[in-house]
Structures are given as structure tokens and as C-alpha cells.
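Understanding the architecture of this molecule
What follows is the residue order along each chain.
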Amino acid sequence: MTDPTSDVDEGKARECAVCGDPIDGPGHRVITWIEDDSVRTVHVCSPTCEAAYER
Ligand SMILES: [Zn+2]
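Values in this document were obtained by computation on a predicted structure and should not be read as measured data. (Residues numbered from 1 in each chain as written. Predicted model: local features only at pLDDT ≥ 70, side-chain atom pairs only at ≥ 80, totals over all residues.)

For the rest of this paragraph, the subject is the overall build of the protein. Within the protein, the regular secondary structure consists of one helix and two strands. For the protein, the succession of helices and strands along the chain, N to C, is β-β-α. Here the protein, with 55 residues, has 7% of them falling under the buried criterion. Expressed as a percentage of contacts within the protein between residues at least 6 apart in sequence, the contacts between residues at least 24 apart total 38%. (Helix = DSSP H or I, 4+ residues; strand = E, 2+ residues; numbered from the N terminus. Buried ≥ 20, exposed ≤ 12 C-beta atoms within 10 Å, placed from the backbone. Contact = placed C-beta atoms within 7 Å.)

In C-alpha cells, the structure reads:
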């Protein structure tokens, strides 16, 4: 099964785009949006960081 969000190197730990903590566990959120005709993807560690992230 292919993960459609796996656009980063496998084995490289993701960091939260807001607080910089390593992302693990169920709080992981993925924010996607369209900008300049391309898909932007950001990973955050929790709903709190998701709300705090400014595009
Ligand atoms: Zn965070």
C-alpha cells in the first residue's frame, strides 16, 4: 500500500512545522493546500500546532 503523503525520504523523522518536535503518535496531522498550482504539505504533531500553523 502506498502512502500518498510519503514525499520525504523514508527513515527520516518528520518534525513538526510549528514546534519542531519529532512527529510520532496519534497526534500527527497533515495540512495540505493548493498554492501556485502545486500541493503544499505540512506535518504537525498535534491539533494545537495545526491550529497555530500559519500558511
Ligand atoms: Zn508541534
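Across seven bridges, strand E1 (residues 29-35) lies against strand E2 (residues 38-44) in antiparallel orientation. The residue bridging threonine 32 from the neighbouring strand is threonine 41, located in E2. Hairpin connection of E1 to E2: two residues between the antiparallel strands, including aspartate 36 at a positive phi of 55 degrees. (Pairing = 2+ DSSP bridges.)

Further remarks concern the environment of glycine 25. By secondary structure assignment, the location of glycine 25 is in the segment before E1. Sequence-wise, glycine 25 and cysteine 45 are 20 residues apart; in three dimensions their C-alpha atoms are separated by 8.2 Å.

With respect to the element layout, proline 26 can be found in the segment before E1. Residue proline 26 is classed as exposed on the basis of its C-beta count, with 6 C-beta atoms lying within 10 Å. Sequence-wise, proline 26 and serine 46 are 20 residues apart; in three dimensions their C-alpha atoms are separated by 8.2 Å.

Quick look at unusual backbone geometry now. The residue aspartate 36 is not glycine, and still its phi comes out positive at about 55 degrees. Mapped onto the elements of the fold, aspartate 36 is located in the loop between E1 and E2. Positive phi is not limited to glycine here, since aspartate 37 has a value of about 65 degrees. Structurally, the position occupied by aspartate 37 is in the loop between E1 and E2.

It is worth stressing that arrangement in space is one thing and function is another; only the former is reported here.
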